[in-house]
Amino acid sequence: MALIKDTQLELHRMMMLIRLFEEALEEMFSRGLLHGTMHLSIGQEATAAGACLALDKKDLITSTHRGHGHCLGKGAEPYKMFAELLGREDGYCRGRGGSMHIADLSNGNLGANGIVAGSLTISVGAALSFQLQKKENIVLCFFGDGAVNEGSFHEALNLASLWNLPVLFLCENNQYGMSMASEKAVAGESIASRGKSYGIESIQIDGNDVEAVYESVSTCKDEILSNKRPKFIEAVTYRYRGHSKSDRNLYRTSEEINFWKDEKDPIKRYIGKLLEQGITEVDLKKIDEEVKQTIRTSVKKALDSSLSPITNLEEDSYA
Amino acid sequence: MPELTVGQAINNALSRILKEYPNSFIAGEDIGIYGGAFGVTEGLLKTFGEERIKDTPIAEDAIAGLAVGAAMTDSKPIVEMQFSDFIVNAMDPIVNQAAKLHFMYGGAVNVPIVVRGASGAGTGAAAQHSQSLESWFCHVPGLKVVTPSNPQNAYDLLLHSFVDPNPVIFMEHKLIYKIKDNVVLNDIPSSSELLGKANIESKGNDITIVSYSNMVNVVKDAISSDELSGISIELIDLQTLSPMDMETVITSVSKTKKLLVCQEAPANSSVGSTVISNVVQSSTFSSLSSAPKLISGLHSPMPSAKHLETTVIPQKEDIVKVIKDMV
Ligand SMILES: Cc1ncc(C[n+]2csc(CCOP(=O)(O)OP(=O)(O)O)c2C)c(N)n1
Ligand SMILES: [Mg+2]
């Protein structure tokens, strides 16, 4: 299936937006503007962009601690995300959630989660709502390779399969859970095989091939809705930066990191493919400039916006 | 006498235990080559090898559960919850198993485990990585709860927790890890006599302040301020929250007639409210010259933004103000 040019450009644009958003965060962090830590998905943009753009607005996602890309992919405004990280009133969570906890219900993002595997069973509940309410939408649950060793991962898959829930489990296998290589942490054949063991059709894909991700998620969504069964995708990818800001990368080699950067970078690869298919440098440059401009103006606006008020913190702990 | 940070002091204690107790091991997430999220286990993998420094998958339920099973069968596990918030994933092995097995099985087994974890706020880690959940564990009969505040007591309390025959929850506030001081590297004791003993940090006659964990350091900072010069303050670091050394607290309050408790955790059903409840129920209550007071964190999840976070956690200035009001 060949994608139309508009979709292709949109995939490229989204990957650029995610990358430049996070590079801007890195820069702000080094200037001491951000409190706390953050988990960057630089190198993994194809999974977030490809998966989210294959959904529509009413499909839901649940996200992880490494969730900036998911959030942007689902249509969040960079301004409100920067504002969130800067503790501003206009931030998605009024500066109370920060990098690890952005939720954007208006675009179908049920929220990033600081607890590894914390959203697996939540996604099952949301999918149960869709089933009970007879809605023709799916829940896409993002989680990392580290999450598949938590008990709640297994409880979630079992229930989703037993109850035929409309959920797409999408494991972003970036090959490490913090310092732990997934090879050393995951028993059995593969992560995808864990889906199969619960009777869920499961595939492994190249998570750095944005079109492969887009097409797999589109197909899975159609099948989930027509066959009334959950699905499982393991997308293999790689994180370039440390796990969080304090990581010294002692558990992997710089050769390995450079190999992925040089040979497998999702954005570089896609640019190569698009140029081969007749999209011009001019087309791409125009997009890149627009994205840069968006990031620049969003950062400035966020820095100029007002801090979140310190009042009502106790009152607001309850609905 | 080496000068060590709290992180290094704990590392020294762990190292000593591993050296002297061949049946000990440690387990947790990223405690091997990474050296632990806060660097506490740095170098241990190199010295003691993979067999005893068990880097686990992300599976807190299993980490705590395996500690219970190992301890019941003559091993001596010390396990790490990377952030103590994740201990909620391990509540069954800790609360329903470790805490109860000795009693429930009529004394047939002991479960001598230490569960360490980084607690507390102040680093912008937000609601799911900043909690002070210590009082949850104080509520459970069978568990001991320990909260160091400086390099020396971190070192000593960990050794005493290790030799205690009961499960011990050992909460290390993130902001104490970098505190540095000279540490006497005491030997591993034969019994855990330090557990259940408060430490009188400074002697005084005008008011008793009871605190624990990092808040002890905040209080110390507060009472050294010029605004309070001339006020004689007795500061008690509880060190162990369960069992709690009420004797030391009541003796002090009988002398000063005033009680202030400072904690980072919210007030509801907390350590501080227990301290006050015990004083109110004691015979010294009638001699108090003013109502006891508790300074605590707000009843709110921890926000991420710095200015919101400092609003939720008691600050030095808040403490100074209350002391001035009370004395
Ligand atoms: C329940 C729980 N345990 C441990 C952690 C600490 N932690 C945060 S992310 C992480 C690694 C997660 O790995 P993975 O799921 O592969 O996601 P990645 O970071 O690679 O995106 C760990 C250990 C946590 N946040 N929650
Ligand atoms: Mg991973």
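Because the structure is predicted, anything quoted here is derived from the model rather than measured. (Residues numbered from 1 in each chain as written. Chains lettered and ligands numbered in written order. Predicted model: local features only at pLDDT ≥ 70, side-chain atom pairs only at ≥ 80, totals over all residues. Heavy atoms only, no water.)

## With respect to the packing of helix α1 (residues 6–20) of chain B against helix α6 (residues 151–163) of chain B
Residues and elements named next belong to chain B. Packing of α1 against α6 leaves a shortest axis separation of 8 Å and a crossing angle of 30°. Here α6 runs roughly parallel to α1, going by the angle between their axes. For the pair α1 and α6, the sense of crossing is right-handed. Of the residues in α6, those in contact with V6, A9, I10, N12, A13, L14, R16 and I17 of α1 are P151, A154, Y155, L158, L159 and F162. Classifying every residue of the contact of α1 with α6 by side-chain character gives 12 nonpolar, 1 polar and 1 charged. (Axes fitted to C-alpha atoms, helices over the stretch in contact; angles between N-to-C directions. Helix = DSSP H or I, 4+ residues; strand = E, 2+ residues; numbered from the N terminus. Parallel < 35°, antiparallel > 145°, perpendicular 65-115°, else oblique. Left-handed = near helix turned anticlockwise from the far one by under 90°. Contact = heavy atoms within 4.5 Å. Nonpolar A, V, L, I, M, F, W, Y, C, P; charged D, E, K, R; others polar.)

## Some thoughts on the pairing of strand β7 (residues 231–236) of chain A
Residue and element names in this part refer to chain A. Counting buried positions along β7 gives 6 out of 6 residues, so the element sits mostly inside the fold. A two-sided burial pattern is seen for β7, the buried positions comprising K231, I233 and A235 on one face and F232, E234 and V236 on the other. Pairing between strand β3 (residues 167–173) and β7: 6 bridges, direction parallel. Within the sheet, the bridge partner assigned to L170 lies in β7 and is I233. As judged from the 6 bridges shared by strand β6 (residues 201–206) and β7, these two strands associate in the parallel manner. (Buried < 20%, exposed > 50% of the residue type's maximum accessible area, 1.4 Å probe, protein only. Pairing = 2+ DSSP bridges.)

## Description of the state of the cysteines
Following the criterion strictly, the structure yields 0 disulfides over all chains and no others. C141 of chain A provides the cysteine sulfur closest to C171 of chain A, a residue in no disulfide bond, and the two sulfurs are 9.7 Å apart. Left without a disulfide partner, C262 of chain B is nearest to the cysteine sulfur of C138 of chain B, which lies 17 Å away. (Disulfide = S-S within 2.5 Å.)

## Topic: the confidence of the model for chain B
Across chain B, pLDDT averages 98, with 100% of residues at or above 70. Two summary scores accompany this predicted model of the complex, namely pTM at 0.98 and ipTM at 0.97. (pLDDT = per-residue confidence, 0-100.)

## A look at the site of ligand 1
Around ligand 1 sit 23 residues, and of these H65, R66, G114 and G146 of chain A together with E60 of chain B come closest. Summarising the interface, the protein chains cover 97% of the accessible area of ligand 1, which totals 580 Å² for the free molecule. Each residue belonging to the shell around ligand 1 can be placed in one class, and the counts come to 7 nonpolar, 10 polar and 6 charged. (Near = heavy atom within 4 Å. Areas by Shrake-Rupley, 256 points an atom, 1.4 Å probe, with all protein chains shown as cover.)

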